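# An overview of the molecular structure
Chain by chain, the residues run as shown.
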Amino acid sequence: MNSTYNIIASTDEYTVVTEYTSTTKRSEAYQTEAALEGEFIKQIQSQGYDYINIDNEDALISNLRIQLEKLNDYHFSDGEWKRFFNEILASSNDGIVEKTRKIQQDHVQILRKDDGLSKNIYLIDKKNIHNNSLQVINQYTAEDGRYKNRYDVTILVNGLPLVHVELKRRGVEIREAFNQIERYQRDSFWSGCGLFQYVQIFVISNGTNTKYYSNTTRISHISELNESGKMRSKKTSNSFEFTSYWADGKNKPIRDLVDFTRTFFAKHTILNILTKFCVFTSDNLLLVMRPYQIVATERILQRIEIANNYKKMGTVEAGGYIWHTTGSGKTLTSFKTAQLATNLPYIDKVLFVVDRNDLDYQTMKEYDKFEKGAANSNASTKILQKQLSDPNARIIITTIQKLGVFIKKNSEHEIYNKHVVLIFDECHRSQFGELHTAITKAFRNYHMFGFTGTPIFAANVSSTKNPKLRTTQDAFGDRLHSYTIVNAINDGNVLPFLIDYISTIKAADDISDSEVIGIDTEKIMSAPERISMVTSYILEHFDQKTKRSSTYKYKGRNVNGFNSIFAVSSIPMAISYYKEFKKQIEITGKDLKIATIYTFSPNGEEIDGTIFEGEMNVDKLDSSQRDFLERAIKDYNNIFRTNFDTSSDSFENYYKDISERMKNRELDLLIVVNMFLTGFDATTLNTLWVDKNLRYHGLIQAFSRTNRILNSVKSFGNIICFRKLRKATNDAIALFGDENATGTVLLKTYEEYYNGYIDDNGVKVVGYKDIVERLLREFPLGEEIIGEEDAKNFIKLFGSFLRLTNILSAFDTFEGNEILSERELQDYRSIYLDMYRDIKLVRKGNKENITPDIIFEIELVKQTEINIDYILTMVKKYHDSNCKDKEILVDVERAIGSSTELRSKKDLILMFIARVDESTDIDRDWIKFVKEQKETDLKKLIEENKLKPDETRKFLDNAFRDGVIKTTGTDIDKILPPMSRFGGGNREQQKNSIIEKLKEFYEKYFGLID
């Protein structure tokens, strides 16, 4: 048995401990924050970290030099160190992104020596991780920021601050530690020489709960806010929703700081995470892998090592499968697995195999984000053949169909004898038939691994010609790791589901449920009256279910609410529904962009619920179905000015275009049969309408299109069923979670959220009714909220009210049961927004204040946003009263005050109202007034700030068109006056001042007129 096998098999070297049992004895005594910090430092010292007393920048730099000299076994001359430090480590041009790249990708830097020669200097040793030094410092003081900050605890790796820990005493909300780090990022991490911008991982804890996260947000979830100023331009966004708990190999969260420190801060664990289990994407985002992703990766690598040592290649013992629920990030796990597997000296190639061309395309895009050019995809079997012969093509992404064709056409090929790793995405779909047998017969020296969110067990096994390939374990071998939907929801990695069951067939009183099920044939389901009724329900409740009254920023744009998919049982049903939607939309005038897509699928319903999307062509459709699809695509072309049709390549591009528009929230409703119900991720998708029988993993897959995390408004995946799916839902959750999992995966009932309930631990959870009563009792309208403590309590209480209202608003029965009147709600929102504004002003004034540690639910406030149309309706009422009903003007001011969007437009609106008399045509004169005032303000803005007129007008036109004012890049510089007018060193300050004025102008006029 060789040494490699011994290292891999040693549990001491696992990054994630296999199973952790806490041995910590809990003290009943009160613990201060200082005591918590002292205990943490003492514990981390006992784990081999060196404590060093550094509380200022000079000492930090001096220690950094010593540690890098030690790591590289080299002594810098003073001149060499000055050059290396100023040009490489602390360049004024580098921010978080550039410094992260140095740690993750460019950790070997070039030193120009005094003798003119060059030398490699390692910032971190990624090959021999225990060569790196680990030190701990605390109470470091940043003197040169916007104001003085003192940080809690920082871990230095070779002298560089790579991990930062912020602590709050037990009993304080963990979010306060998160918010404190956000302020440090904004106000001081960039200060001085900027070494704290090297921090890769943040840890936050209140002793009881501990979480970690990277210095940038998870990919594609939170849009970068356009902050002005040099130090802000290097800032990256974070969102508390994307912080993670650490866990053991059985997915048991390790929350207590003592236990977290014992495991996460074990030297081999933190060094492995920093050197192996981070991915710095092509979008400049740092992804730190979650514990279950790390466990899966290491177990696959371990299985490869053991199989290689014992010469088990080519058998199921050489492979296995990973059960990670849909939405848990298995593409990242597979990428890191492929990347690390290719580093093994005896592995020739890694093949990542998907079962559809569109997944091939999507996976390639994801892999390219993780590392540009790391993987190779192929448009044809011919290209695949070349890649399999090319020793430089180490990671190949292909479809199982192309691989099958390659095997048929190439019975003899050198790849069959090469040492390869085959990784199958969603391994239940296409892996139980002839292709599986063909692959295992052709390749001889292979390891085969499968990833799936929904394995095939004996309980949901499908029909198969091969009795030896019935379950996932039959085909791939042992289950190496599992992370179920229950784990993911408990960890906050995906959202739970809210399910409405809408009855569409009324049975006579003397007919039993079983008899009703018996007569629920497709003929009854496809009756025109039922199609019309379901369509009418969807249109009536569309805004409610997709939360169209909420506004949030997505990819730099202001968007309203979310979008949805409508899954129907057959192509004829899709056609009928599409026609009915077009008809009812035309009658009602509802502004919805809809589309449909389908293709031929030969398979009937399998017992395991498999959804077969079919091949990416429509040649096998009958002529009427293809003709209708052609017409639907023409409708789509008219909406989006595209040019697709049903020819082979064009149809595939139509699919890709729909995919992108769904992800960008440009399409409102997509009608499908099977397509887009598996393997499709869109964070803006929150609702699935279901008129289709689903079961087992097909049901979980379809439902899971809706439960990706996006923001605080999207707190659950919304499922509206027009079929009897309650039992099928419970069966699927029991199979893929556990039999007691329903309460975790599904949200509570309307009555529980409204009146409160007792949770699984016997604790009473307060409902909407009690929260409103407390709000009215403790903070009655008309009485001033005095003092910081009362302000914090109000913000927390009203935030709870907003979060509950966000959930309840999805229930049809909530309408009419709101306790607060519209006026009371507006007044409370105004108080809330006033507090938000005051805290923002405190931040701008560089004053330390504890209330910024409170979370403001501004995204949730925007759900009930008052818009300009509502205001103009009120102005019309004032006009119709012959301008005598002054109470209406009071209501207008109250409504404006409760709106985040209209507050910036208040003076403009009131100026218009002052002009209203009996002769005013409100709609016409409002548009005229806004255009005139906008032009006046724009001329004043240009003249007072000496801006370039044409460039400024174009810049602002683009901002109003795109829904965002871009303050980075070259466009902003084009509108500024010549540098000489700025007075040299004040250019940045003057530029920031102009940016603020441009923002004020934009916010004042955005959304008022088309």
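Whatever comes next refers back to the structure up there.
This text gives an overview of the structure that appears in the document. It should be emphasised that the depicted structure is a prediction, and the values quoted were computed from it without experimental measurement.

Let's shift gears to the overall build of the protein. Each helix and strand in the protein was counted, giving 38 helices and 31 strands. For the protein, the proportion of contacts with a sequence separation of at least 24, taken over those separated by at least 6, is 73%. Put simply, the protein shows about 43,400 Å² of open surface, and 47% of that area lies on carbon and sulfur atoms.

As a further point, take the sheet that holds strand 7 (residues 153-157). The strand order 1-4-7-8-9-10 describes an open sheet built from six strands, whose pairing is mixed. The two strands at the open ends of the sheet, each matched to only one other strand, are strand 1 (50-51) and strand 10 (210-214). Two elements, strand 7 and strand 8 (residues 160-167), share five bridges in a ladder whose sense is antiparallel. Its bridge partner being in strand 8, Leu-156 is matched across the sheet by Pro-161.

The subject of this paragraph is the nonpolar core. Residues Phe-84, Phe-264 and Phe-265 are the most contacted members of the largest nonpolar core, which totals 107 residues. Looking at this core element by element, the count peaks at six residues for helix 10 (residues 291-309). With sequence-adjacent residues up to four places away left out, Phe-84 is seen in contact with Leu-68, Phe-76, Leu-89, Gln-109, Ile-110, Leu-111, Ile-121 and Leu-123. One finds Met-448, Met-662, Ile-671 and Ala-702 within the second-largest nonpolar core, a separate group that totals 106 residues.

Position of His-413 relative to the elements: it lies in the loop between helix 14 (400-409) and strand 19 (420-424). Between the alpha carbons of His-413 and Leu-388 there is a distance of 9.1 Å; along the sequence they are 25 residues apart. Apart from the residues lying within four places of it in its own chain, the contact partners of His-413 are Gln-385, Leu-388, Ser-389 and Phe-406. At 3.0 Å, the side chain of His-413 and the side chain of Ser-389 are in polar contact.

Before going further, it helps to spend a moment on the environment of Phe-424. Counting through the fold element by element, Phe-424 comes out in strand 19. Here Phe-424 falls in the buried class, since its relative accessible area comes to 2%. For the pair Phe-424 and Val-354, spaced 70 residues apart in the sequence, the C-alpha separation amounts to 6.2 Å.

Pairing between sheet strands relies on hydrogen bonds along the backbone, with the strands arranged either parallel or antiparallel. The parallel open sheet is built from seven strands, whose spatial order is 17-18-16-19-20-15-21. The open sheet terminates on both sides in strands that have one partner only, identified here as strand 17 (375-376) and strand 21 (479-483). Where strand 15 (residues 320-324) meets strand 21, four bridges bridge the pair, whose relative direction is parallel. Bridge pairing links Trp-323 to Ser-482 in strand 21.

Quick look at the pairing of strand 26 (residues 594-597) now. Side chains of strand 26 alternate between two faces, with Ile-594 and Thr-596 and Ala-595 and Ile-597 buried alike. With four bridges connecting them, strand 26 and strand 27 (residues 669-672) associate as parallel partners. Bridge assignment links Thr-596 to a residue of strand 27, and that residue is Ile-671.

As a packed pair, helix 20 (residues 528-545) and helix 21 (residues 571-588) sit with axes 9 Å apart at the nearest point and diverge in direction by 55 degrees. With respect to helix 21, the axis of helix 20 lies oblique. The handedness of the crossing between helix 20 and helix 21 is right-handed. Contact residues: Arg-530, Ile-531, Ser-532, Val-534, Thr-535, Ser-536, Ile-538 and Leu-539 in helix 20; Met-573, Ser-576, Tyr-577, Glu-580, Phe-581, Gln-584 and Ile-585 in helix 21.

Okay, helix 23 (residues 648-663) next. With 16 residues, helix 23 extends 23 Å from end C-alpha to end C-alpha; this agrees with the ideal 22 Å at 1.5 Å per step. Positive phi appears at Arg-665, one or two residues downstream of helix 23, with a value of about 60 degrees.

Both the distance between ring centres and the angle between the ring planes are used here to describe each pair of aromatic rings. Following the criterion strictly, the structure yields 59 aromatic pairs and no others. Between the aromatic rings of Phe-40 and Phe-265, the centroid separation amounts to 5.7 Å while the plane-to-plane angle is 65 degrees, which identifies the pairing as edge-to-face. Taken as a pair, Phe-40 in helix 2 (residues 33-46) and Phe-265 in the loop between helix 8 (257-264) and helix 9 (267-275) lie far apart in primary sequence, 225 residues in all. Across the pair, Phe-265 and Phe-40 agree in class, each one buried. Consider the rings of Tyr-151 and Tyr-184, whose centres lie 4.8 Å apart with planes at 55 degrees: the pair is tilted. Of this pair, Tyr-151 sits in the loop between strand 6 (149-150) and strand 7 while Tyr-184 sits in helix 6 (residues 175-187), placing them 33 residues apart in sequence. Since its relative accessible area comes to 3%, Tyr-184 is described here as buried. These aromatic residues form a ring-pair network of at least three members: Tyr-750, Tyr-754, Tyr-768, Phe-779, Phe-794, Phe-798, Phe-801, Phe-811, Phe-814, Tyr-828 and Tyr-832. Positioned above the aromatic ring of Tyr-245 is the side chain of Lys-211, whose terminal nitrogen or guanidinium carbon lies 4.6 Å from the ring centre. Residue placement shows Arg-255 over the ring face of Tyr-245; its charged tip is 4.1 Å from the ring centre.

So, on to the side chain of Gln-47. Tracing the chain through its elements places Gln-47 in the loop between helix 2 and strand 1. Here the side chain of Gln-47 touches Phe-265 through a polar contact of 3.3 Å, landing on its backbone oxygen. Setting aside anything within four residues of it in sequence, one finds Gln-47 in contact with Thr-261, Arg-262, Phe-265, Ala-266 and Lys-267.

Below, the discussion takes up the packing of helix 22 (residues 623-640) against helix 23. Packed helix pairs are specified by the crossing angle of their axes together with the interaxial distance, meaning the distance between the axes. Where helix 22 contacts helix 23, the two axes come as close as 12 Å, and the packing angle between them is 50 degrees. Here helix 22 is positioned oblique relative to helix 23, judged by the angle of their axes. As helix 22 packs across helix 23, the resulting crossing turns out to be left-handed. Where helix 22 abuts helix 23, its residues Leu-629, Ile-633, Tyr-636 and Phe-640 lie against Phe-651, Tyr-654, Asp-657, Ile-658 and Arg-661.

Before going further, it helps to spend a moment on the side chain of Asp-152. Relative to the helices and strands, Asp-152 resides in the loop between strand 6 and strand 7. At 6.3 Å, Lys-168 is the nearest oppositely charged side chain to Asp-152, a buried residue that forms no salt bridge. A distance of 2.8 Å separates a polar atom in the side chain of Asp-152 from the backbone nitrogen of Leu-167. Sequence-distant contacts of Asp-152, defined by excluding residues within four places in its chain, comprise Glu-33, Glu-37, Ile-137, Asn-138, Gln-139, His-164, Val-165, Glu-166 and Leu-167.

Phi is positive for Lys-311, close to 55 degrees, though the residue is something other than glycine. A residue is classified by how much of its surface remains accessible, and Lys-311, at 61% relative accessible area, is exposed. At Asn-882, a position not held by glycine, the phi torsion is positive, near 60 degrees. Relative to the assigned elements, Asn-882 resides in the loop between helix 32 (868-880) and helix 33 (886-897). A residue is classified by how much of its surface remains accessible, and Asn-882, at 42% relative accessible area, is partly exposed.

Once that is clear, we can look at the pattern of salt bridges. The tally for this structure, following the rule as stated, stands at 35 salt bridges. Asp-812 is the partner of Lys-545 in a salt bridge, and the nearest nitrogen-oxygen pair spans 3.0 Å. Taken as a pair, Lys-545 in helix 20 and Asp-812 in the loop between helix 29 (788-808) and helix 30 (822-844) lie far apart in primary sequence, 267 residues in all. Given a relative accessible area of 1%, Lys-545 falls into the buried group. Given the relative accessible area of 27%, Asp-812 is considered partly exposed. Residue Lys-1004 is joined to Asp-937 by a salt bridge in which the shortest nitrogen-to-oxygen separation is 2.9 Å. A residue pair is termed long-range when its members are at least 10 positions apart, and Lys-1004 in helix 38 (residues 987-1005) and Asp-937 in helix 35 (residues 922-944) qualify at 67 residues. Side by side, Lys-1004 and Asp-937 carry an identical accessibility label, which is buried.

Reading guide: rules and limits
- Throughout this document, residue positions are counted from 1 along each chain, in the order its sequence is written.
- Note on the predicted model: pLDDT of at least 70 is required for a residue's local features to be given, and 80 or more for side-chain atom pairs to be given and counted; whole-chain, interface and lining totals, by contrast, use all residues.
- Calculated side-chain values reflect all of the structure's heavy atoms, with hydrogen atoms and water omitted.
- Strands here mean DSSP runs of E at least two residues long; helices mean DSSP runs of H or I at least four residues long; both are numbered from the N terminus.
- Two residues form a contact once any of their heavy atoms are found within 4.5 Å.
- Surface accessibility in these figures is a Shrake-Rupley result with a 1.4 Å probe; residues are shielded only by whichever protein chains are displayed.
- The pairing criterion for strands is at least two bridges between them, as found by DSSP.
- We define a nonpolar core as any set of buried Ala, Val, Leu, Ile, Met, Phe, Trp, Tyr and Cys residues linked to one another through side-chain atoms lying within 4.5 Å.
- Each residue gets one of three labels from its accessible area relative to the maximum for its type: buried under 20%, exposed over 50%, partly exposed in between, using a 1.4 Å probe on protein chains only.
- What qualifies as a polar contact is a pair of N or O atoms within 3.5 Å, subject to a donor-acceptor requirement within protein and to the restriction that residues adjacent in sequence count only when both atoms come from side chains.
- Only the stretch in contact is used when fitting a helix axis, every axis being a line fitted to C-alpha atoms; angles between N-to-C directions are given from 0 to 180 degrees.
- Reported orientations rely on four angle classes, namely roughly parallel under 35 degrees, roughly antiparallel over 145, roughly perpendicular from 65 to 115, and oblique for the rest.
- Rotating anticlockwise by less than a right angle from the far helix to the near helix defines a left-handed crossing, while the corresponding clockwise rotation defines a right-handed one.
- Given a helix with a known number of residues, its expected span is that number minus one, times 1.5 Å.
- Any pair of Phe, Tyr and Trp rings, taking the six-membered ring for Trp, is counted once the centres come within 6.5 Å. Such a pair is stacked with planes under 30 degrees apart, edge-to-face with planes over 60 apart, and tilted for the rest.
- Criterion for a charge above a ring: Arg CZ or Lys NZ at most 6 Å from the ring centre, at most 35 degrees from the ring normal.
- Neither His nor the chain ends is counted toward charge; the positive residues are Lys and Arg and the negative residues Asp and Glu.
- Note on definitions: salt bridges are taken to be side-chain nitrogens of Lys or Arg within 4 Å of carboxyl oxygens of Asp or Glu.

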